[in-house]
Amino acid sequence: MKYFEAQNLRQTFDTTQINVSFQCEKSTMTSIVGPSGSGKSTVLRLISGLNEPSEKVASEMKVFLDGEEVSKKAPSKRQIGMVFQKHTLFDHLKVEDNVAYGLVSAGMKKKDARCLANDFLKQFELEGFGNRYPDTLSGGEAQRVSLARTLIMKPKLVLFDEPLSALDAPLRKKLAALIRNLQKTFGFTGIMVTHDINEAKAVSDRIILMKKGEIIWQGNAEDFDEKLMLQ
C-alpha cells in the first residue's frame, strides 16, 4: 500500500457525481487539475473529513495514511493539514500566536511556542513578522503565515485548496516556487487543487486530471499534455 491511498471517494456535488480513487507516494506533491465543477475541492474535503459521505456510500469510502485508515476519525485526529484559497488566520491574534496556536492547543507553553513560531517564520521569508496582525499583511504574506501555521504541526499530509488563485500572476509564480522548495525541505506529502496547469507542473511530481467527477488521466507531471484539458 502507498503512503496515502483514497478508495471510492464518492459524493454528489451540484449535478456532478464524484467517484475517484488514487494513491500518493510519501514525500511527493500531487496536483489535481480540471475545469470548474469537476469536483476537485470536494475530493480534498472528503479526504480531510470536512465533508461526510452519505450513509449509502460511507462503508465503501476509505482513506489510508501512513498505513492507518483514518476515514472514521474526526478531522482534527487525521494528522492532515489544510491550506485554503482564503487565509483562515485569527484576526485578533498576532502572527506569532497564529502560527503557535496549534502547538499551544497541544500543550506547549505559550512562551516556548511563540519562540518556535518566530524561528519557524524565517523559513517562509517572514522574519520579524511575529508581532504584526493579519490585517496588516498582503495576500501573499497571509498565505505564507497560513502555510507556516499548518507545517509547524508536522502533519502527515498537507492539502492545498487553490491557495494561490486570489493572487496576481508574478506573486503566484513566486509562492508556487516557495511551496515546492518547502515541500522538498520538509519532505511533507502534499495534494494541491489548482486550475493552473503551469502552477501544477511547477509544484508537482504527479498530476491528476479530473472531469465531471472522474479521474481521466494521472501520471508524472512532466508527461502531462495540456491538450488533455481540451478533450
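See the structure above.
Keep in mind that what you see is a predicted model, and the values were worked out from it rather than measured.

Draft legend 1. Just the nonpolar core, in detail. If you look at the biggest cluster of nonpolar residues, it comprises 33 residues, and the most contacted ones within it are Val99, Phe124, Leu147 and Phe160. Those elements that provide at least two residues to this core are α3 (95–105), α4 (110–121), α5 (139–151), β7 (157–161) and α6 (169–186). When sequence neighbours within four positions are dropped, the list of residues in contact with phenylalanine 160 reads Met29, Leu44, Val83, Leu147, Ile179, Phe188, Gly190, Ile191, Met192 and Val193. Among the nonpolar cores identified, the runner-up in size contains 25 residues, and Ile18, Phe22, Val70 and Met82 belong to it.

Draft legend 2. Region of the structure containing the sheet that holds strand β1 (residues 4–13). The four strands lie next to each other as β2-β1-β4-β5, forming an open sheet whose pairing is antiparallel. Because the sheet does not close on itself, it has two edges, and the strands there are β2 (16–24) and β5 (68–69). Judged from the four bridges that link them, β1 and strand β4 (residues 62–65) form a sheet pairing that is antiparallel. Of the residues in β4, the one forming a bridge with alanine 6 is valine 63. Sitting on the sheet, helix α1 (residues 40–48) is in contact with β1, β2 and β4, with an inclination near 120° to β1.

Draft legend 3. Seen up close, α1. Judged by how many residues are buried, α1 sits mostly within the fold: seven of nine residues are covered. Within the span of α1, buried status applies to Lys40, Thr42, Val43, Leu44, Leu46, Ile47 and Ser48. In the stretch just after α1, glycine 49 is the one whose phi turns positive, near 90°.

Reading guide: rules and limits
- Residues numbered from 1 in each chain as written.
- Predicted model: local features only at pLDDT ≥ 70, side-chain atom pairs only at ≥ 80, totals over all residues.
- Heavy atoms only, no water.
- Core = buried A, V, L, I, M, F, W, Y, C linked by side-chain atoms within 4.5 Å.
- Buried < 20%, exposed > 50% of the residue type's maximum accessible area, 1.4 Å probe, protein only.
- Helix = DSSP H or I, 4+ residues; strand = E, 2+ residues; numbered from the N terminus.
- Contact = heavy atoms within 4.5 Å.
- Pairing = 2+ DSSP bridges.
- Axes fitted to C-alpha atoms, helices over the stretch in contact; angles between N-to-C directions.

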